[in-house]
Amino acid sequence: MSHSLSAGFRLLLLTALAVLLPAGGALALSLSTVSRPDTDSLLLQFAKPGIYPLVSRTGPVEISLTFPPGTLTPEDKPEGVDFGASQFIEGVRLAGDTLVVRLKTDAFGFVGWPQGERELKLQVYRDPAGANWRPPADAQGAQTTYPPRDEAPAQQSAALKLPVTPPNNKPGPLELPPLPPSLGQGGVAPAAPAGTASGAQKAGEPKEPFYAVPYSLRATAMHVSPEKSPTLRPSGMEPLTPPSARAPSAAGDAPVVAQGGSGAGEYRVKLPPIPPAVAAAGEARGAVTPPSPAAPAAAAPPAAGADAAPAAVAVAPVKKPADAIPPPKEEDHDANTLVAAQAEKLAGNYDAAITMMSDLKKKSDLSKDVREETLHSLAATLLDKYREDPVAHYDEIQGALLEAVNANTDSFRVPEAMLHLGMLNLRAGNIPEAKGYFNVLRKKYPSDANVPLINFYWGEYYFDRGDFKKAAEEYQALIEKFPESKYVREGAMGLAKTLVRLSRYKEAAQIADYINKRWPRYYVEFPQILRIDGDIAFKNGDMKKARDDYMLFYNMSPKVKDEDLVLSRLGDIYAKLGNRPAAVDFYNMAVKDYPDAEGGLIAKMRLAEQGVHDQPTISEMFSLFDKPAYGSPEDIYEGIIRDHPNSPLAPLAQIKLAMWLLYRQNYPDSLKAAARYLERYPKSELAPKAEEVAITAFEKMAGDLIAHKDYARLVASYRDNPILAANRGMLSDQTRLGLALAYLRTGKTRDALAEALPYIGPRENDNGMMALTMAMGIYEDERSWRDIVDLARKVQSWKFGATPRRRLEYVVAQALENLGESDRAMTIWRKLAGDQALESGKRCYAMYFMARASMAQKDYAKAELYAGEAAFMFKESGQDPDKRKAALNILVESTRALGQFPKAFKWAREYADMCKEGDDDWASNRLREAAILRAMGDVDGWRKTLVAMRDAAPDSLYGRMAASDLATNGLESRLNALTQPQ
């Protein structure tokens, strides 16, 4: 409004100067400047009083001060004025009688007023409205009223009507103008959380076997520590204490693939030939009649020698050299004492034997041969005595062995001592030392009969630690390198049990068949081979052979280790053979005799589930949970997990517990149980089933939480279980969109977009519509206008109903407007302004932008019409007070332009009600009110308004403007008085 006031001021000044100033008479001109953060002031000083220029804006960045003709001379050219600190003024130049002030920006306003009779002050201030300045159409100075009083009023807005957009309720694409090309990135959803690795087997990796029940875990211990678990020895079963660390394989040869292979990657073994005599004899086992479960047959007497091995390693007799110790003579007291001590050892009286041998070695006159024999016998006795836990007596045993070796390093007994030292260190976990002793044995005594046992012990070492691949390599190396060794049988048996653990049952069956044909009576010496044969037959589906092997094993050793597992496995076999009563009998026997052992736990599980369910599915277990027959499944599962966490049965119990909790609709705990399974057994073959349980539990829980609007808990549950993010693809569309909604409601908009945007594709569907609505809402709230336009371009061809179409078109129009694409936006605003079905909270914006466009086109009647509707709707909806003020401002200016000053004053008063007294918009509106009053002819009202502004804040910008207008009016009055005829 400073422009119209200043225009009147300039016209009055020009008229007065034309009358009062004499023609000619140059005056000297001097300039000075004052800069403040928000204004620049240019002070002009004249040599003679009362000489004032006409101040007007003559360009986008130009103000001209035009003096009366002949007032200025070239000598008045301003020089030496520094505008470096100015905010707005760039410089000045003299052009004839005009002083041109050059500005740095077009967004400015200005005001000039006399300061006494010899000075004029021009003040420039920041005003964004100044950027809209256009040169006057008549290229003449501004007038005192706007529009001129003699101008015919324009067509009144009452004759106009708002255009109405015809309703379009048919599904169809968005009705948008050609959208601009992509305006750059903005609001792009981040990549989906790095999901954690899935428990599913990766392509190309070897599949780790998962053993649902412990029968596949060869000779696993249940109630003893790994150090006390039985381990195969050449002379039978002896406990072997596994060390605490692994060691690399001592075998250097790769497995040999033999004929008969059925596929790439299968394990094949090159076996030594069966001796012809054995093959011809064809000794086979007799038929086994399964005993009655209620009254099992009496156990066969234990095989002779099975438990009679006196030393940790039974070494084959070695041909002694010629200088070996001769048989002791009766009169040889020391030799007789040694023989007696060895007899005590054989009888199991280890303490007596150790005492006798220790006393004997202390004798200083002991012969060299007897001393050597005594030291080796003492070491062997210590090995036998501490065979259950040799590591606890490591120093004593190793000291005895080293003392024996050092007594005669050339003795034929040294290789056996080296073997014992290597085995002792292997069990103690001293892998470098074990390798050292084994390497000495292998390199210094390559032909010794003990060398094959190196591979055997490494195989046992790896087997006990679950590294079955390396264990198989060691057993195979023994068979291939030493085919004539008497330990081939032990190596073949170790390979057979290892192949079972590797789930290579066909290959294991070949090895077992080889053992049975070459050593047909081996089961008498070592009954565990029957157990292994039974496991192999069971895995290969030969239930009858498995039953016979297990029954023979049970009858030979009814109280042997793993009997509980055999009983439960027999129950499984009879269940598969369809003999349910016999299966229940065996299960009951296992539960009765071994309630806390693995076999008993398995039997309890079988009875509760009424069958064998080692590959459980959700549907299968739900049908079983409906009718449990024995105890509570939950109690059984939790008991196994709690009391036997290291049992091979624990994984199966864990996943079944998750399914049970899912069945009981305890979804949070079911999800936790499934996640715990995947955390402990990520590579098991049942991992995909655990993932399925986790996803199912989460989806059920998500449905409940969304229904109760518990969004925070839903997000927390998703984030606390990484397995869900790793398997996002398994989640249903409804769950993912529900998760997106939960993210949105908890303020995590980036995560919400990551879930929603993938559903926005080339064709519309319900999920896409939901995702689009969510994404557009996020972009609108974040004022991501570029993203809105880009997304609208992506879905423009979708078929929208009337309501979603108009809402999206409104959002796009708003985005285009904010991106500076007003011309494109106007096409949509025009349609929305006439859409009577659009809610007033959105239609008010369409009305406002139409009013603004009409005002720019100087179509004041339409501007008044649209602005009136906009102001009413903004007030009615109670939103965006700034836009309501802007609409009122358009109403004031459009009615002024139409000459409807009472209306203009009415709208100006309503505008004043929305302003805070003292603000710039309040003061400028007061000046505007004064101008309207004057245009209406209300000079008293005009004067009162300006006087009030001048007196209220005389030093303010608008106070000085009011004073300037009043002073100009006084000058005009005096001029009129002078020019009146006398």
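Note that the structure is predicted; figures quoted are calculated from it, not measured.

The rules behind the values
Residues numbered from 1 in each chain as written. Predicted model: local features only at pLDDT ≥ 70, side-chain atom pairs only at ≥ 80, totals over all residues. Heavy atoms only, no water. Helix = DSSP H or I, 4+ residues; strand = E, 2+ residues; numbered from the N terminus. Contact = heavy atoms within 4.5 Å. Buried < 20%, exposed > 50% of the residue type's maximum accessible area, 1.4 Å probe, protein only. Lys, Arg positive; Asp, Glu negative; His and termini not counted. Salt bridge = Lys/Arg side-chain N within 4 Å of Asp/Glu carboxyl O. Polar contact = N/O pair within 3.5 Å; in protein donor to acceptor, adjacent residues only side chain to side chain. Patch = residues over 30% accessible without salt bridge, like charges linked within 9 Å, V, L, I, M, F, W, Y side chains within 5 Å. Areas by Shrake-Rupley, 256 points an atom, 1.4 Å probe, with all protein chains shown as cover. Charge placed at Lys NZ, Arg CZ, Asp CG, Glu CD. pLDDT = per-residue confidence, 0-100. Axes fitted to C-alpha atoms, helices over the stretch in contact; angles between N-to-C directions. Parallel < 35°, antiparallel > 145°, perpendicular 65-115°, else oblique. Left-handed = near helix turned anticlockwise from the far one by under 90°. Phe/Tyr/Trp six-rings, centres within 6.5 Å; stacked < 30°, edge-to-face > 60°.

J.: Which residues make up unusual backbone geometry, and what are the values?
T.: A positive phi angle, near 60 degrees, is found at Arg-783, a position not held by glycine. Note that Arg-783 resides in the loop between helix 28 (766-781) and helix 29 (785-795).

J.: Which residues make up the environment of Leu-478, and what values do they have?
T.: Note that Leu-478 resides in helix 10 (residues 468-481). Sequence separation between Leu-478 and Ile-454 is 24 residues; the distance between their C-alpha atoms is 8.4 Å. Aside from chain neighbours lying at most four places away, what touches Leu-478 is Pro-452, Asn-455, Phe-456, Tyr-487, Val-488 and Gly-491.

J.: Got a sec to walk through the side chain of Arg-805? Specific residues and values, please.
T.: In this structure, Arg-805 sits in helix 30 (residues 802-818). No salt bridge is formed by the buried Arg-805; its nearest oppositely charged neighbour, Glu-809, is found at 4.4 Å. Not counting chain neighbours up to four residues away, the residues in contact with Arg-805 comprise Asn-168, Asn-169, Lys-170, Pro-171, Gly-172, Pro-173, Leu-174, Glu-175 and Phe-800.

J.: An account of the side chain of Ser-684 is requested, with residue identities and associated values reported.
T.: Tracing the chain through its elements places Ser-684 in the loop between helix 22 (667-680) and helix 23 (687-707). Looking at Ser-684, its side chain comes within polar contact range of the main-chain oxygen of Tyr-681, at 3.2 Å.

J.: Give me the lowdown on a positive patch on the surface, citing residues and values where you can.
T.: Taken together, Lys-672, Arg-676, Arg-680 and Arg-713 make up a surface patch of like positive charges. By residue number, the principal contributor to the positive patch is helix 22, which donates 3 residues. By secondary structure assignment, the location of Arg-676 is in helix 22. For Arg-676, a relative accessible area of 34% puts it in the partly exposed group.

J.: Can you break down the confidence of the model for the protein residue by residue, with the values?
T.: Here the protein averages 76 in pLDDT, while 76% of its residues score no lower than 70. Of the regions scoring below 50 in pLDDT, residues 1-27 engages in 72 contacts with residues more than four places distant in sequence or in other chains. Contacts from residues 184-269, a stretch scored under 50 in pLDDT, to residues over four places away or in other chains number 248 contacts.

J.: Residue-level account of the packing of helix 14 (residues 528-539) against helix 16 (residues 563-576), with values.
T.: The N-to-C vectors of helix 14 and helix 16 enclose an angle of 30 degrees; their axes lie 12 Å apart at closest approach. Here helix 14 lies roughly parallel to helix 16, going by the angle between them. As helix 14 runs across helix 16, the sense of the crossing is left-handed. Contacts from Arg-531, Asp-535 and Phe-538 in helix 14 reach Leu-565, Val-566, Arg-569, Asp-572, Ile-573 and Lys-576 in helix 16.

J.: Please give an account of the packing of aromatic side chains that cites residues and values.
T.: Any aromatic ring pair is given by two values, namely how distant the centres are and how the planes are angled relative to each other. For the coordinates displayed, the defined rule picks out 20 aromatic pairs. With a centroid separation of 5.8 Å and an interplanar angle of 65 degrees, the aromatic rings of Phe-456 and Tyr-457 are classed as edge-to-face. Take Phe-456: its relative accessible area is 0%, and that puts it in the buried class. The exposure class of Tyr-457 is buried, given its relative accessible area of 1%. For the ring pair Tyr-810 and Tyr-845, a centre distance of 6.3 Å and an interplane angle of 55 degrees mean the geometry is tilted. Within this pair, whereas Tyr-810 is found in helix 30, its partner Tyr-845 is found in helix 32 (residues 840-856), the two being separated by 35 residues in sequence. Accessibility classification places Tyr-810 together with Tyr-845 in one group, the buried group.

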